[in-house]
Structures are given as C-alpha cells and as structure tokens.
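# Structural characterization, general
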Amino acid sequence: PPPLSPSSPMAAARADDLHAQHPSAVSDDRRAALKSKLALDPWDLDAWAALAAHANSLPFELARPDYDAFLAHFPTAARIWRVYLEKLVAAKRWAAERRRGDFARGAGEEDVAARREVESVFGRALYFCPQCVELWMGYLEFGLKFKGKMEMVGMFDAALEKAGLDINSNELWSSYVEWVKSWDVHSPVEENQRRDILRRVYQKAVRNPMHNLEAFWRAYEAFESTGVNKDLVRGLLAENQPRYTAALAEFRARKNRRDGINQNALASPPRGRPKENEQARLWRRFVGAERLNPHNVEPEELQRRVSYAYQVSMSFLYRYPDAWLDLAYFHLDSGHPGVARETFRRGWFNDGLGKHIRIAGTRLNKPVFLLQKK
C-alpha cells in the first residue's frame, strides 16, 4: 500500500468545522500553538508527542486529522497506529450499534464499507510496522469475527512470518495454538488436519527465542505424548530438544542485546543529537550481533533472523540513508536481488532520501547502480 499523505486542506477545514461544533471537547488554542511550533520545526518531537496526547483525549472524528498528520510524518510509530486503530474500531462499532447493524459480522452495505476501511488501515499500519506484535494481535482479533478457518490460518502464518521472531511474540504463538485447539472437528480427517497444524506451530515455536519458551516446550511434550506411536513420539522430541535448548540460550542473549533500546522512539532524520545517536548505535549493534550467528543456526534460519533484525531496526532508522543501503545490500549479498531492489526503491523515494543514499553509497563503497539493475 502507498504511504499515508499529509492531511489535505479539505481535511483540515473539516476538522476545524468539527472543533467549532464541539468547543467544550478541545482546546483550539493548545492545538494551534502546537501546530505553530511544528511549522517552525517539523522535527520538534516534544510538540509531536503533545499533539498525539491531545488527540488521544478527543473523540475519534475530531482526533483523526491529527493522527493522520502524525503518521504521515512518523509512519513507523507503531504505538500511535495502535491507538488510532483502537479508536477507529470503537467508532465503527458504535456507529453500527446506533443503526442496529454489526460492522464485524454484518453483510449490510455500511457494515461492509466500515470493515473494509478498518482492514485498509490495518494494512497500512502493518506495511510500515510489520514487526509489531500488538498490531498483529489486533488484526487477528478483528479477523476472527468474520473470516473463515483457512483464511485465518493464513493470517496467523503471516503474523508469525513477520513478527514471530520478536522475543515478546509468545502471545502471538499462544493465540494461534489456542485457536486451533478450539476448532470443532467432526471427522478423523479434520482431527488429523488440526493435529498437523498444531505440530507445525509447536515445532516452530519451541525453536523460537522468546518469553515463556519453557512453557511451550512442556505443552509440546504433552501434545506429542498423546500420540499412539511411541517410537515416533520419542523421535520427534529427540529431534526438537537441541533446537529448543539453543533457542533458550539465544533468548537470553537477545534480551541482553536489546538493553537500552527504546522501541517507541520516533524515526527522525540523523541530527547529531546524543540520545538519537545512541539509539542508532544500539540498533546497529543489535543487527550486527544477529549477523555474527553466535549459535551457528542454519543459513536459512540465519537469513530470517538477520532480516527480522534489520526490519525491526528500521522502526527507528527509517530516515537514515546508510541503513536503507545496508539493508538492501544485505538482501543482495544473500541472493535475493528482487528484495534488494524493492528495499532500495522504498528507501530512495522515502522523503527525498535518494540523493543521500547515493552519497552514502559512494562513501561506503556500495554503489547504488548495483541495486538499480533489473
């Protein structure tokens, strides 16, 4: 999906009309003062934070223009996306209740339009913040209200592919397992399908460095112990035990590598400020540590882990030209030229970063023409 566009004059005028109709709900003076500060310095992070806090106190329709402006400026701000979506879903549900509809399950024209709007916003949020576990949890909760079983399997798999490597993704894995366990099955074929999916999810979970890993291993042991073929059970547990042990060690190391990282820090351009420099250094250290492969995981698994580390670091390094160049070259060197070109394209057209990426390429001896070839 395309990036969000800043609020249009028409949208701003509509917001002003809403403010005029509800003078008791907002402080126009406060909002105007913040807008004036941002006009002078578009990267005044304190003013943006105050504007977001102000928007949080308003009814959604009044707050929406400010949320849109904030996310146009900081599209990787997962925390603001979460608040935006919570308010949007609540507003759509309230509107549906007023007309006695059901925007999640209903088939009425207005319900379908509302549902599509929410899905579209979730799509934009996950495009910019694919690593955010909380956003995926919200999207899955929304989807469970109206999507079919196999469509939800696809959604869960997509969530784990994008965010399942986070050390806090245990809730995502648990939700998948509990949902599959809850299926009504009416035949041996359906029971086998359920067991196959549970085994696949458990086996991926127990090799994933995350919180509550010991509980996942115990649950997996209990699941396999219900099997009839005891030789198969012993073989499967013996095969996965070393992977679980390695993941447990990696989880402890990964927790330490995240020390000092502020995952809610906003993605501003490099400005030489000490706090921002330190966050950039910590994110680069995090990526570099993943690339060292301290536990000698298989090449395919290493590719996933390093790619994820780069992706999550871009929540802060989104406007750092060298970060885009480094990520694109990582994909190129890993044998994925198509992904490298797409990464380069996103960075090049990101708020005019193109010329800065070219300069960084010359400085770092990473020529951009290699990323422009078809």
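Owing to the predicted nature of the structure, the values given are computational and were not obtained by experimental measurement. (Residues numbered from 1 in each chain as written. Predicted model: local features only at pLDDT ≥ 70, side-chain atom pairs only at ≥ 80, totals over all residues. Heavy atoms only, no water.)

## A closer look at the overall build of the protein
Summing up its helical and strand segments, the protein has 18 helices and zero strands in all. Every one of the 374 residues in the protein was classed for burial, and the buried ones make up 47%. Counting only contacts in the protein whose residues sit at least 6 apart along the sequence, the fraction spanning at least 24 positions is 63%. Surface summary for the protein: the accessible area is close to 19200 Å², and the carbon and sulfur share equals 53%. (Helix = DSSP H or I, 4+ residues; strand = E, 2+ residues; numbered from the N terminus. Buried < 20%, exposed > 50% of the residue type's maximum accessible area, 1.4 Å probe, protein only. Contact = heavy atoms within 4.5 Å. Areas by Shrake-Rupley, 256 points an atom, 1.4 Å probe, with all protein chains shown as cover.)

## Examining the nonpolar core
Ranked by internal contacts, the top residues of the largest apolar core, which has 104 residues, are L135, L172 and Y176. Broken down by element, this core gets its largest block of residues, eight residues, from helix α14 (residues 299-317). With residues up to four places along the chain from it excluded, the contact list for L135 reads A78, W81, R82, L85, F122, A125, L126 and C129. (Core = buried A, V, L, I, M, F, W, Y, C linked by side-chain atoms within 4.5 Å.)

## Side note on helix α11 (residues 213-225)
Helix length check: α11, at 13 residues, gives a terminal C-alpha distance of 18 Å against a target of 18 Å (1.5 Å per residue), a fit within 8%. Listed in full, the buried residues belonging to α11 are L213, F216, W217, Y220, F223 and E224. Down the axis of α11, the smallest arc covering the buried residues is 125°, so these residues share one side. (Expected span 1.5 Å × (residues − 1). Arc of directions from axis to C-beta.)

## Notes on unusual backbone geometry
With a phi angle near 60°, N212 is a residue other than glycine that sits in the positive phi range. The residue N212 is located in the loop between α10 (188-205) and α11 in this model. Judged by relative accessible area, which is 47%, N212 ranks as partly exposed.

## Looking at empty space enclosed by the protein
Taken as a whole, this structure holds one cavity of 30 Å³ or more when the rule is applied. Size it by volume and the largest cavity reaches roughly 60 Å³. What lines the largest cavity is E250, R257, A289, E290, N293, P294, H295, V297, L302 and R305. Sorting the residues of the lining of the largest cavity by element identifies α12 (230-257), α13 (274-291) and α14 as the ones contributing at least two each. Of the residues that constitute the lining of the largest cavity, the class distribution is four nonpolar, two polar and four charged. (1 Å grid on protein atoms, 1.4 Å probe; cavity = no way out; pocket = protein on both sides within 12 Å on 5 of 7 lines; lining within 4 Å. Points joined across faces, edges and corners; volume = space filled by probe spheres on them. Nonpolar A, V, L, I, M, F, W, Y, C, P; charged D, E, K, R; others polar.)

## Structural notes on the pattern of salt bridges
The final tally for this structure, using the stated rule, is 24 salt bridges. Across the pair D166 and R258 runs a salt bridge, and its minimum N-O distance is 3.6 Å. Pair noted here: D166 is in the loop between α8 (149-163) and α9 (170-181) and R258 is in the loop between α12 and α13, with a separation of 92 residues, a long-range link. In terms of burial, D166 and R258 fall into one category: buried. Where R243 meets E239, a salt bridge forms, and the shortest distance between an N and an O atom there is 3.5 Å. With R243 and E239 both in helix α12 and four residues apart, this pair spans about one turn of that helix. Overall, E239 belongs to the partly exposed group, its relative accessible area being 43%. In this structure, a network of salt bridges that share partners links the residues E250, R254, R257 and E290. (Salt bridge = Lys/Arg side-chain N within 4 Å of Asp/Glu carboxyl O.)

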